[in-house]
Amino acid sequence: MIGVIGAMQIEIDGLKEKVENSQTVTVSGIDFVTGTIHGTDVVLAVCGMGKVFAAVCAQTMILKFQVDALITTGVAGNLSEKLGIKSVAVASSVVQHDMDLTPVGYAQGELGGINLVNIPCDKKLVSIVEHCVKAMGVNYQVGTIATGDQFINKLEQKRFITGHFQAIAAEMEGGSIGQTCYINHVPFVIIRAISDDADGSAPEDFPAFANEAAAISIEIVLDVLKEY
Ligand code: ADE
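Let us look at the structure shown here. The model shown is predicted, which means the values in this text are computed figures rather than measured ones.

Thresholds, definitions, all that
Residues numbered from 1 in each chain as written. Predicted model: local features only at pLDDT ≥ 70, side-chain atom pairs only at ≥ 80, totals over all residues. Heavy atoms only, no water. Helix = DSSP H or I, 4+ residues; strand = E, 2+ residues; numbered from the N terminus. Buried < 20%, exposed > 50% of the residue type's maximum accessible area, 1.4 Å probe, protein only. Contact = heavy atoms within 4.5 Å. Areas by Shrake-Rupley, 256 points an atom, 1.4 Å probe, with all protein chains shown as cover. Lys, Arg positive; Asp, Glu negative; His and termini not counted. Charge placed at Lys NZ, Arg CZ, Asp CG, Glu CD. Arc of directions from axis to C-beta. Phe/Tyr/Trp six-rings, centres within 6.5 Å; stacked < 30°, edge-to-face > 60°. Axes fitted to C-alpha atoms, helices over the stretch in contact; angles between N-to-C directions. Parallel < 35°, antiparallel > 145°, perpendicular 65-115°, else oblique. Left-handed = near helix turned anticlockwise from the far one by under 90°. Nonpolar A, V, L, I, M, F, W, Y, C, P; charged D, E, K, R; others polar. Near = heavy atom within 4 Å. Polar contact = N/O pair within 3.5 Å; in protein donor to acceptor, adjacent residues only side chain to side chain. Disulfide = S-S within 2.5 Å. Pairing = 2+ DSSP bridges. Core = buried A, V, L, I, M, F, W, Y, C linked by side-chain atoms within 4.5 Å.

**A word on the overall build of the protein chain**
Counting secondary structure elements, the protein chain contains 6 helices and 10 strands. Its C-alpha atoms give the protein chain principal-axis dimensions of roughly 50 × 40 × 30 Å. Split into buried and exposed, the 228 residues of the protein chain put 54% on the buried side. Partitioning the intrachain contacts of the protein chain with sequence separation of at least 6 by distance along the chain shows that 76% fall at a separation of at least 24. By element, 51% of the accessible surface of the protein chain is carried by carbon and sulfur atoms, the whole surface being about 9,600 Å². Mean positive and mean negative side-chain charge positions of the protein chain (14 and 26 charges, respectively) differ by 3 Å.

Written out as structure tokens, the structure is:
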């Protein structure tokens, strides 16, 4: 069983349409849609925005639906010179840019308890995703995706995140889904199509391009499910 999480309806609806024998179970206000896509057992959910919703959703997929792997799909703000709107960022690792225990001796972004800054994605999943994105002919980059409970739209925020973590894209769920998977030993990967440049134009670009970007990420997930 593969779990697929998106924060917003537009990031998951295109997948829900493809589910055969679908059934819905609601837990903690989140609808979990089970069934098959391309013969693969899946559970899909729109978790809501931010790290808490994302962690609740991931933990529920792991405990209630016993997922073998978790894919996060959706949109992100661009932090890389190699990417632009509608390019794709594939996470090799995730960080939480708003995690700050530096006053008590930790590194920036270090997760107390597991003492990691970067949580690595599953290498096999990353290589399947990369293979699918390449085959689509879309511009893409593999690297660190940074997560925090902030919509990034200022140069100083971008500088902070790229300076500390060399991240290629910013979003609001991947890091907490990654942490949840890590502590439960579940393989995961994050796929994000760029909806905005995480700068002053982001508040206008995000609503203008989010639908199209979300659809690109969904196409990749469909190909990954075929190959998995
Ligand atoms: N998701 C899409 N664009 C984003 C941004 N600029 N900051 C955080 N999350 C995003």
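**Concerning helix 4 (residues 155-165)**
All buried positions along helix 4 are accounted for by Gln157, Lys158, Ile161 and Phe165. The arc that holds every buried residue of helix 4, seen down its axis, measures 100°, which confines them to one face. Exposed and facing more than 90 degrees away from the buried side of helix 4 are Glu156, Arg159 and Gly163. Considering only its buried residues, helix 4 is in contact with strand 5 (69-78), strand 6 (88-96) and strand 8 (140-147). Of the residues flanking the end of helix 4, it is Gln166, one or two places downstream, whose phi is positive at about 50°.

**Overview of the packing of aromatic side chains**
Considering all chains together, one arrives at 3 aromatic pairs under this definition. Look at Phe151 and Phe206: their rings are 5.4 Å apart centre to centre, the planes differ by 75°, and that puts the pair in the edge-to-face class. Remark: Phe206 occurs in helix 6 (residues 202-227) and Phe151 occurs in the loop between strand 8 and helix 4; sequence separation between them is 55 residues. Looking at Phe151, the relative accessible area reads 35%, which means it is partly exposed. In this structure Phe206 comes out as partly exposed when scored by relative accessible area, which is 21%. When the ring of Phe160 is compared with that of Phe165, the centres are 6.5 Å apart and the planes differ by 75°; the resulting orientation is edge-to-face. A relative accessible area of 34% means that Phe160 is categorised as partly exposed. Looking at Phe165, the relative accessible area reads 5%, which means it is buried.

**Looking at the packing of helix 3 (residues 123-136) against helix 6**
At a minimum axis separation of 9 Å, helix 3 and helix 6 run at an interaxial angle of 120°. Considering the angle they form, helix 3 stands oblique to helix 6. Viewed along their axes, helix 3 and helix 6 form a crossing whose handedness is right-handed. Side by side, helix 3 and helix 6 meet where Ile128, Val129, His131, Cys132, Val133 and Met136 of the first sit next to Ile216, Glu219, Ile220, Asp223, Val224 and Glu227 of the second. For the contact of helix 3 with helix 6, the residue count by class is 8 nonpolar, 1 polar and 3 charged.

**Remarks on the site of the ligand**
For the ligand, the set of nearby residues contains 13 residues, the closest of which are Gly77, Ile152, Glu171, Ser195 and Asp196. Separating a nitrogen atom of the ligand from a backbone N or O atom of Gly77 is a distance of 3.2 Å. Here a nitrogen atom of the ligand sits 2.7 Å away from a polar atom, N or O, in the side chain of Asp196. For the ligand, whose free accessible area comes to 260 Å², the fraction covered by protein is 96%. Elements with a minimum of two residues in the shell around the ligand: strand 5, strand 9 (169-171) and strand 10 (188-196).

**With respect to the state of the cysteines**
Evaluation of the coordinates by the stated rule reveals 0 disulfides. Cys57 takes part in no disulfide bond, and the closest cysteine sulfur to it belongs to Cys47, at a distance of 5.1 Å. The structure places no disulfide on Cys132, whose sulfur is separated from the nearest cysteine sulfur, that of Cys121, by 15 Å.

**A look at the pairing of strand 10**
Along strand 10, 9 of the 9 residues are buried, which leaves the element largely enclosed by surrounding structure. For strand 5 and strand 10, the ladder comprises 8 bridges, and the chain directions are parallel. What sits directly across from Val75, in strand 10, is Ala193. Note: strand 6 against strand 10, 3 bridges, orientation antiparallel. By the bridge assignment for strand 10, Val90 is matched with Ile191.

**Some remarks on the nonpolar core**
Ranked by internal contacts, the top residues of the largest apolar core, which has 68 residues, are Leu15, Met61, Leu70, Val88 and Ile220. Per-element tally for this core: the top contributor is helix 6, with 9 residues. Not counting residues up to four positions away in its chain, the partners in contact with Leu15 are Val4, Ile37, Leu44, Thr73, Ile218, Val221 and Leu222. Judged by nonpolar contacts, the second largest core, of 9 residues, contains Leu79, Val95, Ala146 and Phe165.

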